[in-house]
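What follows is the residue order along each chain.
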Amino acid sequence: MKINLREGDIYKGKGSILLFLTEEQIKNLDSKLVDLVDNSIHIGNFKGKKYESLLVPVVGRSFDRIVIVGLGKREELNNEIFRRAANAGLQAFSKLKVNEFSTFAEYDVDIVRALSDGFRLSNYSFDKYKTEKDNKFIMIQKIDMYVHEIKDDFKKAVEFSEATCEATNFVRDLQTDDADVVNPEYLADLAKSMSTKYRLHLELLDKADLKRKGLGLLLGVGQGSRFEPHLIILEYKGDPSSKEQIAIVGKGVTYDTGGLDIKLRSMKEMNTDMSGAAVVLGVIRAAAELKLKKNILAVAPVVENAVGTKAYKPGTILDSYLGKTVEIGNTDAEGRLALADAMAYVVKNYKPSRIVDFATLTGSIVAALGEDYAGLFSTDKVADKIIEAGDYVGEKVWRMPLPEEYNELLKSKIADLNNISSSNYGGAITAALFLKNFVGETPWTHIDIAGTARGSKRKHYWPVYGTGFGVRLMLEWLRKN
Ligand SMILES: [Zn+2]
């Protein structure tokens, strides 16, 4: 989809127009609009409430229809309302089978950005496997976005929006696709092609490398699968003069059956258990496209947690890369094992200045925060900035505690650690505390996206299944800090 910034009179253009109106604005409509839409608004009983939409056919003008979308009360407006209103407008046009339209973004860079994000994130549908054309979502090809005056920061906002939202849609494709297609070897090959396309340095450890180097936790998780586990490390150097380097690590369990502690419910959506890995690939792709002045490592342990005669067993003791031994209390707590080895490996061999990890790690975080907030655990002073960036882009994160005293719950009688807590409660916290053992002194932030990475139905500009949550949050934080 192309979004073009335009100056001038929108009412001189051809085709379809999208207008956003607040409740108050309706009472004193722009004089150019009154004769066109006033009557229809009254007939349609349109109040300008949030996301309410109305189609107004127009005759005798160069353009042929207006779609009006409500924004609610003026004093309550924020970026999220603009993103969701953009979704409502885009859905209306898609139903009309229109593939281009013009709209206003008024005078504000935040509105330009929010509308652009809202349009791009809504203009998405995973229909790779739909064979009938009629079932496919009508994609919008072009939007002319009118502003009072085209300023440099408007252009930058549109450019940033394009790279970050297209990366989000790329992540959604990976999350939602069949786990027999997007398997660990597929992701390893994808990392290779990204390394060529974006000129990123790649270190790719295959099964033999993992064995030689001693990443026993990651190997343990993958030993029951017909797909070989890999560790992907892509390196982007956007600021060669700086020694700062941020490692973004993502859990890449391409399918999680639970292992021999097999999942008794909600296994079906476990193809999205590689969402963290997809997010880190999305972030480094957009960073390279935008030429961000940052040094970034995208790190993804990719592995399938399968069942079978070779699968790792409850009660097994695994040797971690760090040297600590781990008793497997539950084979379904596999994400933390894969991440622990990946983070310890990166800390030792790359010495990043900080680590941020994304993982669909625990059901507990969903029980605690629901499906709209991710949980953030951090030992890093930048945590508040990450939360702020999330608020700006509509990827909300809520800070959770890391209480030392809960470490007791991860003790094993026969090994250094147990991978599962001895308590039934606070599972998102004990999972985070488990990870903390493997990052050493490196400032670290863990974001549990188990609730936000996926949804079983479409919700505003979030599609069904993979949402791409985390990509825009991370890139916004990188841009601002
Ligand atoms: Zn699991």
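Remember, predicted model here, so these are calculated numbers, not experimental data.

**Student:** What is the right way to read the domain arrangement of the protein chain from this model?
**Tutor:** Interfaces are frequently sized by the accessible area removed from exposure as the parts join. Along its sequence, the protein chain is organised into domain 1 (2–147) and domain 2 (166–480). Distance from the C-alpha centre of domain 1 to the C-alpha centre of domain 2: 37 Å. When domain 1 packs against domain 2, the two sides together hide about 1,700 Å² of surface, and 45% of this comes from carbon and sulfur. The tally of links from domain 1 across to domain 2 stands at four salt bridges. For Asp177, the salt bridge identified is with Lys128, shortest N-O distance 2.4 Å.

**Student:** What exactly am I supposed to notice about the pairing of strand β16 (residues 396–399) here?
**Tutor:** Each regular strand carries side chains that alternate between the two faces of the sheet. Of the pairings in the sheet, the one linking strand β15 (residues 373–378) to β16 comprises four bridges and is parallel in character. Counterpart to Tyr373 in the pairing with β16 is Lys396. The handedness of the β15 to β16 crossover, carried by helix α12 (residues 383–393), is right-handed.

**Student:** Could you clarify how one ought to interpret a nonpolar patch on the surface in this entry?
**Tutor:** Taken together, the side chains of Leu260, Ile262, Leu264 and Val307 present a nonpolar region at the surface, about 390 Å² in accessible area. Overall, the relative accessible area of 38% leaves Val307 in the partly exposed class.

**Student:** Which parts of the structure should I look at to understand the coordination of the zinc ion?
**Tutor:** For a metal bound by four donors in a tetrahedral arrangement, the ideal donor-metal-donor angle is 109.5 degrees, while six donors in an octahedral arrangement ideally sit at 90 or 180 degrees. Looking at the zinc ion, one finds its protein donor set to be Asp256 (OD), Asp332 (O), Asp332 (OD) and Glu334 (OE), positioned 2.0 to 2.2 Å from the metal centre. Taken together, the four donor atoms coordinating the zinc ion span angles of 71 to 170° at the metal, a pattern that classifies the geometry as irregular. Sequence spacing of the donor residues for the zinc ion, all on one chain, is D-x75-D-x1-E. Here Asp256, found in strand β10 (residues 252–256), pairs with Glu334, found in the loop between β13 (325–327) and α10 (335–350); they are 78 residues apart in sequence, far enough to count as distant. Of the two residues examined, Asp256 and Glu334, each falls in the buried class.

**Student:** Help me understand helix α14 (residues 471–480) in this model?
**Tutor:** Structural remark: α-helix, 3.6 residues per turn; residues separated by three or four positions point the same way. Among the 10 residues in α14, eight count as buried, and that is most of the element. When α14 is considered as a whole, its buried residues turn out to be Val471, Arg472, Leu473, Met474, Leu475, Glu476, Trp477 and Leu478.

**Student:** In this structure, what is going on with the pairing of strand β4 (residues 63–70)? I would like to understand it.
**Tutor:** Extensive coverage of β4 is indicated by the burial of six of its eight residues. As paired strands, strand β2 (residues 15–21) and β4 are joined by seven bridges and run parallel to one another. Bridging from a neighbouring strand, Ile17 pairs with Ile66 of β4. Looking at chain direction, strand β3 (residues 53–57) and β4 are connected through five bridges and run antiparallel. Bridge pairing links Pro57 to Arg65 in β4.

Reading the values: rules and limits
Residues numbered from 1 in each chain as written. Predicted model: local features only at pLDDT ≥ 70, side-chain atom pairs only at ≥ 80, totals over all residues. Heavy atoms only, no water. Domains from an automatic or database assignment. Buried area = accessible area lost by both parts, 1.4 Å probe. Salt bridge = Lys/Arg side-chain N within 4 Å of Asp/Glu carboxyl O. Pairing = 2+ DSSP bridges. Helix = DSSP H or I, 4+ residues; strand = E, 2+ residues; numbered from the N terminus. Right-handed = clockwise from strand over helix to strand, strands pointing away. Patch = residues over 30% accessible without salt bridge, like charges linked within 9 Å, V, L, I, M, F, W, Y side chains within 5 Å. Areas by Shrake-Rupley, 256 points an atom, 1.4 Å probe, with all protein chains shown as cover. Buried < 20%, exposed > 50% of the residue type's maximum accessible area, 1.4 Å probe, protein only. Donors = N, O, S within 2.8 Å, 3.2 Å for Na, K, Ca; no water. Tetrahedral: all angles 85-135°; square planar, octahedral: opposite > 155°, others 65-115°.

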